Amino acid sequence: MAAMPRRVALPPELRDRSFSVADGRRAGLGRHRMRGRDLERPFYGVRVRRGRLRGLYSLCLAYMVRMRPDEFFCGVTAARMWRVPLPEVFSAAEGVHVGRMTPNRASRARGVRGREFSDDRISVERRYGFPVTDAASTWCHLAGVLSHDDLVAAADHLILVPKRASPGEVRPYATLTQLTDRAYGYTGRHARALRRALADVRQGAESRPETILRLHMVRAGLPEPELNVDIFSASGTFLGRADSLFRDFRVIAEYDGEQHRTDSIQYNKDMLRIEGFIRDKWTPIRVRKGQLFGDPEAAVARVEGALRDAGWHP
């Protein structure tokens, strides 16, 4: 019985990166080899060793193999590059969103969501080595796919000046002035949604759930909270930072995320922080994920109850 032919090994220069079919041919790979089961075909004319596509960045790297010089990542793909907190986690089915300026035609291919732009205010910047639409333009392009609250959360993220910035990151990604200027000069279909969202954008929110909790509270008629405020005791001891602070009533509203249960070190820190608040006569109300996204009215009612107990009334 004849032995099965051995699969031709990939040349070293192609093993750890995406490559074009043309690159494969130049390296001596035939048509049948480039259809091998050990290779994935994320885009037309692109090959990558199976198992190496592990998320958005590797998918974008694969697309860069065939990317035209005037193309750029836009929409949801650009938003993820700017680390915008979107309601859905990335999946390969999302593909990559790629733009070109008119009169050039947008790409139409499997795995690619092409879009043509005529907005001459778009600028292309580099994020992690990828060409993406600038932060303010990216926010404008999200208006057609995000709800009001998520559009506000996206803007809160872009304008945030964090207490502790990540190494190498220049924040904010956009200023409120830049977002306002773009929104009021924007002529796209969803310009009104952008302008409505601007009224609710605030400096200081450090996560999507924090923004969404704030919006629910304010819509229910509660006073506007201060965001991510450092709290000190009367003796000057630092007690911790409060997500949403109602200073006059010594009430703190906080989102309790999943990491507080899965990370024991973080959980212990949070427990001690909350105990410190309570000893210093603050009332912390912690809202869990299931309540915020399942029964936000109940979450707001808990905060309202604490405020009323402290003397607040509408």
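Just so we're clear, the structure is a prediction, and the values are computed from it rather than from any experiment.

Notes on the sheet that holds strand 2 (residues 39–40)
So, point 1. In spatial order, the strands read 1-3-2; together these three strands make up an open sheet with antiparallel pairing. Each edge of the sheet is formed by a strand with only one pairing partner; in this case those strands are strand 1 (19–20) and strand 2.
So, point 2. Bridge count for strand 2 against strand 3 (residues 46–49) is two bridges, and the pairing is antiparallel. Residue pairing in the sheet places Glu-40 in a bridge with Val-48 of strand 3.

Some thoughts on the nonpolar core
So, point 1. Counting 46 residues, the largest nonpolar core has Phe-73, Val-96, Trp-139 and Leu-151 as its most contacted members.
So, point 2. For this core, the secondary structure elements donating two or more residues are helix 3 (56–64), helix 4 (75–81), strand 5 (96–101), strand 9 (130–133), helix 5 (135–141), helix 6 (148–159), helix 7 (176–185) and helix 8 (191–198).
So, point 3. Examining the composition of this core, we find that six residues originate from one element, helix 6, more than from any other.
So, point 4. Every residue in contact with Phe-73, bar those within four places of it in the chain, is listed here: Cys-60, Tyr-63, Met-64, Met-67, Ala-78, Val-96, His-97, Val-98, Phe-130, Pro-131, Val-132 and Thr-133.
So, point 5. One finds Leu-213, Ala-299, Val-300 and Leu-307 within the second-largest nonpolar core, a separate group that totals 17 residues.

Some details on unusual backbone geometry
So, point 1. Here the amide bond leading from Thr-102 into Pro-103 is cis, since omega sits at 10°, within 30 degrees of zero.
So, point 2. Residue placement: Pro-103 occurs in the loop between strand 5 and strand 6 (108–109).
So, point 3. Between Arg-171 and Pro-172 the backbone carries a cis peptide bond, its omega angle lying at 0°.
So, point 4. Positive phi values are uncommon outside glycine, yet Asn-228 reaches one of about 45°.
So, point 5. On the secondary structure map, Asn-228 appears in strand 10 (residues 226–232).

Topic: helix 6
So, point 1. With twelve residues, helix 6 ought to run about 16 Å at 1.5 Å a step, and its terminal C-alpha atoms sit 17 Å apart, in line with that.
So, point 2. Counting buried residues in helix 6 gives eleven out of twelve residues, a clear majority hidden from the surface.
So, point 3. Buried within helix 6 we find Asp-149, Asp-150, Leu-151, Val-152, Ala-153, Ala-154, Ala-155, Asp-156, His-157, Leu-158 and Ile-159.

Points about the environment of Ala-165
So, point 1. By the element assignment, Ala-165 lies in the loop between helix 6 and helix 7.
So, point 2. On the accessibility criterion, Ala-165 (45% relative accessible area) is partly exposed.
So, point 3. Once the C-alpha coordinates of Ala-165 and Leu-53 are considered, the two residues, 112 residues apart in sequence, prove to be 29 Å apart.

Regarding the sheet that holds strand 10
So, point 1. Spatially, the four strands line up as an open sheet ordered 10-11-12-13, and their pairing is mixed. Looking along the sheet, the strands with just one partner apiece sit at the ends: strand 10 and strand 13 (283–288). Each neighbouring strand pair of the sheet contributes to a mean axis angle of 45°, computed without reference to strand direction.
So, point 2. In terms of strand pairing, strand 11 (residues 238–246) meets strand 12 (residues 251–256) through three bridges, oriented antiparallel. By the bridge assignment for strand 12, Leu-245 is matched with Ile-252.
So, point 3. In the packing of helix 11 (residues 264–279) onto the sheet, contacts are made with strand 10, strand 11, strand 12 and strand 13, and the angle to strand 11 comes to roughly 80°.
So, point 4. Of the strands in this sheet, strand 11, strand 12 and strand 13 touch helix 13 (residues 296–309), which is tilted by about 175° from strand 13.

Observations concerning the packing of helix 6 against helix 8
So, point 1. The interhelical angle for the contact between helix 6 and helix 8, taken along N-to-C directions, is 65°, at an axis separation of 9 Å. In terms of orientation, helix 6 and helix 8 fall into the roughly perpendicular class. Where helix 6 crosses over helix 8, the handedness of that crossing is right-handed. Judged by residue contacts, His-148, Leu-151 and Val-152 of helix 6 engage Ala-193, Leu-194, Arg-196 and Ala-197 from helix 8.
So, point 2. Tallied by class, the residues present in the contact of helix 6 with helix 8 amount to five nonpolar, one polar and one charged.

A word on the packing of aromatic side chains
In this description, an aromatic ring pair is defined by two values, namely the gap between the centres and the angle between the planes.
So, point 1. For the structure shown, the criterion picks out eight aromatic pairs.
So, point 2. Grouped by ring-pair contacts, the aromatic residues Phe-43, Tyr-57, Tyr-63, Phe-73, Tyr-128 and Phe-130 constitute a single cluster.
So, point 3. Directly above the aromatic system of Trp-282 lies the positively charged group of Arg-250, at a separation of 4.1 Å from the ring centroid.

With respect to helix 9 (residues 208–219)
So, point 1. The end-to-end C-alpha distance of helix 9, which contains twelve residues, comes to 17 Å, matching closely the 16 Å that a straight helix rising 1.5 Å per residue would cover.
So, point 2. Among the twelve residues that make up helix 9, nine are buried, leaving the element largely enclosed by the rest of the structure.
So, point 3. Among the residues of helix 9, those classed as buried are Arg-208, Pro-209, Glu-210, Thr-211, Ile-212, Leu-213, Arg-214, Leu-215 and Met-217.
So, point 4. Between a side-chain oxygen at the N-terminus of helix 9 and the backbone nitrogen of Glu-210 the separation is 3.2 Å; the capping residue is Ser-207.
So, point 5. Just downstream of helix 9, Gly-221 is the residue with a positive phi angle, here 95°.

How each quantity is defined
- Residues numbered from 1 in each chain as written.
- Predicted model: local features only at pLDDT ≥ 70, side-chain atom pairs only at ≥ 80, totals over all residues.
- Heavy atoms only, no water.
- Pairing = 2+ DSSP bridges.
- Helix = DSSP H or I, 4+ residues; strand = E, 2+ residues; numbered from the N terminus.
- Core = buried A, V, L, I, M, F, W, Y, C linked by side-chain atoms within 4.5 Å.
- Buried < 20%, exposed > 50% of the residue type's maximum accessible area, 1.4 Å probe, protein only.
- Contact = heavy atoms within 4.5 Å.
- Expected span 1.5 Å × (residues − 1).
- Axes fitted to C-alpha atoms, helices over the stretch in contact; angles between N-to-C directions.
- Parallel < 35°, antiparallel > 145°, perpendicular 65-115°, else oblique.
- Left-handed = near helix turned anticlockwise from the far one by under 90°.
- Nonpolar A, V, L, I, M, F, W, Y, C, P; charged D, E, K, R; others polar.
- Phe/Tyr/Trp six-rings, centres within 6.5 Å; stacked < 30°, edge-to-face > 60°.
- Lys NZ or Arg CZ within 6 Å of the ring centre and 35° of its normal.
- Polar contact = N/O pair within 3.5 Å; in protein donor to acceptor, adjacent residues only side chain to side chain.

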